[in-house]
Amino acid sequence: FNKRHEMREAINQKLIETGERERFKELLRDQLKAHCKEVIKEQGLEHVTVDDLVAEITPKGRTLVPDSVKKELERIRTFLAQHASH
């Protein structure tokens, strides 16, 4: 657990230092906010629930994450899983 936590912290720190974490969050936030507005406009504010919005934006959010980021996250998960018990 300690090794896994340290690795996660190191990755997070690197993302913060390079500004990638904030840039990525801002990009997703803007695009998902725009998508929410579209859904509300289509369905009408009085007919949309938070659950509706979550159901709509979750798949959209996943598609917005670049394949390169998904592959890197998978490599990190694999590495952490292999080294978690050491």
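Now for a description of the structure that goes with this document.

Reading the values: the criteria
Residues numbered from 1 in each chain as written. Predicted model: local features only at pLDDT ≥ 70, side-chain atom pairs only at ≥ 80, totals over all residues. Heavy atoms only, no water. Salt bridge = Lys/Arg side-chain N within 4 Å of Asp/Glu carboxyl O. Helix = DSSP H or I, 4+ residues; strand = E, 2+ residues; numbered from the N terminus. Core = buried A, V, L, I, M, F, W, Y, C linked by side-chain atoms within 4.5 Å. Buried < 20%, exposed > 50% of the residue type's maximum accessible area, 1.4 Å probe, protein only. Contact = heavy atoms within 4.5 Å. Expected span 1.5 Å × (residues − 1).

### Things to note about the pattern of salt bridges
Thinking step 1. For the structure on display, the rule yields 6 salt bridges.
Thinking step 2. Taking the shortest distance from any N to any O, the salt bridge between Glu22 and Lys25 comes out at 3.9 Å. Taken together, the residues span about one helical turn, with Glu22 and Lys25 both in helix H2 (residues 20-43) at a distance of 3 residues.

### Side note on the environment of Ala34
Thinking step 1. Among the secondary structure elements, Ala34 is positioned in helix H2.
Thinking step 2. Placed 11 residues apart in sequence, Ala34 and Arg23 show a C-alpha to C-alpha distance of 17 Å.

### Remarks on the nonpolar core
Thinking step 1. Among the nonpolar cores identified, the biggest contains 6 residues, and these are Leu32, Cys36, Val39, Val48, Leu53 and Ile57.
Thinking step 2. At the level of secondary structure, the elements contributing two or more residues to this core comprise H2 and helix H3 (50-64).
Thinking step 3. Among the elements that line this core, the one with the most residues is H2, at 3 residues.
Thinking step 4. Not counting the four nearest positions on each side in its chain, Cys36 is found in contact with Leu53 and Ile57.

### What about H2?
Thinking step 1. Taking 1.5 Å of rise per residue, the 24 residues of H2 would be expected to cover 34 Å, and the 34 Å separating its terminal C-alpha atoms lies within 8% of that figure.
Thinking step 2. By the burial criterion, the buried members of H2 are Leu28, Leu32, His35, Cys36 and Val39.
Thinking step 3. Residues of H2 that are buried sit in contact with H3.
Thinking step 4. The positive-phi residue at the C-terminal boundary of H2 is Gly44, with phi of around 90°.

In short, the description is geometric, and any link to function would need to be established separately.
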